[in-house]
Amino acid sequence: MIFSNELINWYRINKRDLPWRNTTDAYLIWLSEIILQQTRVEQGMPYFLRFSEQYPTVKNFAAASEDDILRMWQGLGYYSRGRNMLKTAKVIEQSFNGIFPTAYADLIKLTGIGEYTAAAISSFSVNEAKAVVDGNVYRLLARYFGIDTPINTGKGKKQFQEIADELINPANAAEHNQAMIEFGALQCKPKNPNCEQCPFITSCFAYQHKKVNELPVKLKKLKIRERYFYFFLAIKEGQILIKRRGNEDIWAGLHDLPSIEFIEQTSLDQLFVDQNFQDWFSGDPIIHSVSDQIKHILTHQRIYARFVHIEHINPEFTQENGWFWVNIDDVSQFGQPKLIFEFLKNFFKLY
DNA sequence: AATGCGTGGCT
DNA sequence: TAGCCAAGCAT
């Protein structure tokens, strides 16, 4: 409890004033926590403000369409968060009478809510004594106690959760959890932590043993997948051809352009050879290069994209593929990956 | 248990 | 600059 009291003292002096900290509304806390998963505060903030304005209650959220949600989520990444939120909002409407649950045991059953988020909502809203363990807490605990168990293993997760559970202050779970997270974010940062002005400088194992830069330990790393896309711009009478992406791959459920993917670098000439364009066009195929290769780096993929303008596309073929025409002025109404809407924005001077 | 899922900032 | 990391979760 000494640790917790010291930590909370630090928190009261140093905490940021963030909008989701001025409420005990479980719905708004849920909204903020989902948005902030793997996402920096500065990046998530405008989305939180827009969503809380547009959907002030879980009832409003549940009444939205998936297209509405994906459009508002556009540019934030990890789009399944948005789809899962809609599913959960509907469950709360139907099974919880529209009252957002606050008990950890209820929350953990909902889609999109895992151990961290269930602990965050239950502690922040009603002070339930469940310890949050996120990236900040892993780092703080690994350094303070000198634990070198890799944080991304089952053993590590279990070990760190147990320590966090022992450390929590049951009388003030909300502030304790907030303080753990905020301390990791502001003081015990991944790079260049502010050890010189740290209240735990004398008791921190990592600082005393000069292992601050070695902790926490994380096993790595995944192979990067290289992908090469051609995206096609078919434009006719103020309209452009778009499609919805499937549910399997990256950017599931979002909209993009008709496209062809290669597993290796492929020239525009080679595209003609490799691709049987016979069904695509009703007249002579016309293809103009529009962009140079665009390199788009994701966490586990490197995407190389080229945009080409095509003419004389076959209307029947587009229909069979589920492609459809939309007014160019309306294209921003369809949720798209960053790569696509940035290109269209520049191409049409839209948005 | 291991993998897939976005985008952006930092070094 | 190429890699790491950010208020994780689902499968």
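Sequence order sets the numbering: in each chain, residues are counted from 1 along the sequence as written. Just so you know, chain letters begin at A and ligand numbers begin at 1, following the order they were written in. Under the rules for a predicted model, residues below a pLDDT of 70 receive no local features and side-chain atom pairs below 80 are neither given nor counted, while totals for whole chains, interfaces and linings still include all residues. Working from all heavy atoms in the structure, the side-chain values ignore hydrogens and water.

Asks: An account of the protein's contact with DNA strand C is requested, with residue identities and associated values reported.
Replies: Each residue is tested against the molecule or strand, and it is near if at least one of its non-hydrogen atoms lies within 4 Å. The full set close to DNA strand C counts 28 residues, and Gly-112, Thr-117, Asp-134, Asn-136 and Arg-139 are the nearest of them. Sugar and phosphate atoms form 64% of the subset of DNA strand C atoms that lie within 4 Å of the protein. For the purposes of these results, a polar contact is taken to be a pair of N or O atoms within 3.5 Å, where, inside protein, one atom must be able to donate a hydrogen and its partner to accept one; residues adjacent in sequence count only when each atom of the pair is a side-chain atom. The backbone of Gln-38 places a nitrogen or oxygen atom 2.7 Å from a phosphate oxygen of DNA strand C. Listing elements by their share of the surface near DNA strand C, those giving two or more residues are helix H2 (26-36), helix H8 (115-126), helix H9 (135-145) and helix H11 (173-186). Looking at side-chain class alone, the surface near DNA strand C contains ten nonpolar, nine polar and nine charged residues. To qualify as a helix, a DSSP run of H or I must reach at least 4 residues; to qualify as a strand, a run of E must reach at least 2; elements of each kind are numbered from the N terminus. Here the nonpolar group is Ala, Val, Leu, Ile, Met, Phe, Trp, Tyr, Cys and Pro; Asp, Glu, Lys and Arg are the charged ones; every other residue, Gly included, is treated as polar.

Asks: So, H9: which residues are in play, and what are the values?
Replies: By the criterion of burial, H9 is predominantly enclosed, with nine of the eleven residues buried. Taken together, the buried positions of H9 are occupied by Asn-136, Val-137, Tyr-138, Arg-139, Leu-140, Leu-141, Ala-142, Arg-143 and Tyr-144. Elements that come into contact with the buried residues of H9 comprise helix H1 (2-14), helix H10 (154-167), H11 and helix H12 (205-208). Only protein chains enter the area calculation, which uses a 1.4 Å probe; residues under 20% of their type maximum are buried, those over 50% are exposed, and those in between are partly exposed. The contact definition used throughout considers only heavy atoms, calling two residues in contact when any of these lie within 4.5 Å.

Asks: Provide a residue-level description of the nonpolar core, including the pertinent values.
Replies: Nonpolar side chains in soluble globular proteins tend to end up buried together. Tyr-27, Trp-30, Leu-31, Phe-51, Phe-61, Phe-100 and Ile-240 are the most contacted members of the largest nonpolar core, which totals 95 residues. Take this core: its biggest share by element is nine residues, from H2. Lining this core are residues from two domains, each supplying at least three of them: domain 1 (2-214) and domain 2 (225-348). What Phe-100 contacts, discounting residues up to four positions off in sequence, is Ala-26, Tyr-27, Trp-30, Val-58, Ile-92, Leu-107 and Ile-121. Of all hydrophobic cores here, the second largest spans 18 residues; its members include Phe-281, Val-308, Ile-313 and Phe-317. We call a set of buried Ala, Val, Leu, Ile, Met, Phe, Trp, Tyr and Cys residues a nonpolar core when their side-chain atoms join them within 4.5 Å. As annotated, the domain borders come from an automatic or database domain assignment.

Asks: Break down the UniProt feature "domain: HhH-GPD" (unreviewed entry) in chain A for me, with residues and values.
Replies: UniProt records the feature "domain: HhH-GPD" (unreviewed entry) at residues 35-186, using the numbering of this structure. Each end of residues 35-186 is marked by a C-alpha atom, and these two atoms are 19 Å apart; helix forms 66% of the span and strand 0%. UniProt positions are given in the numbering used here, feature names are shortened, and annotations may be inferred rather than shown by experiment.

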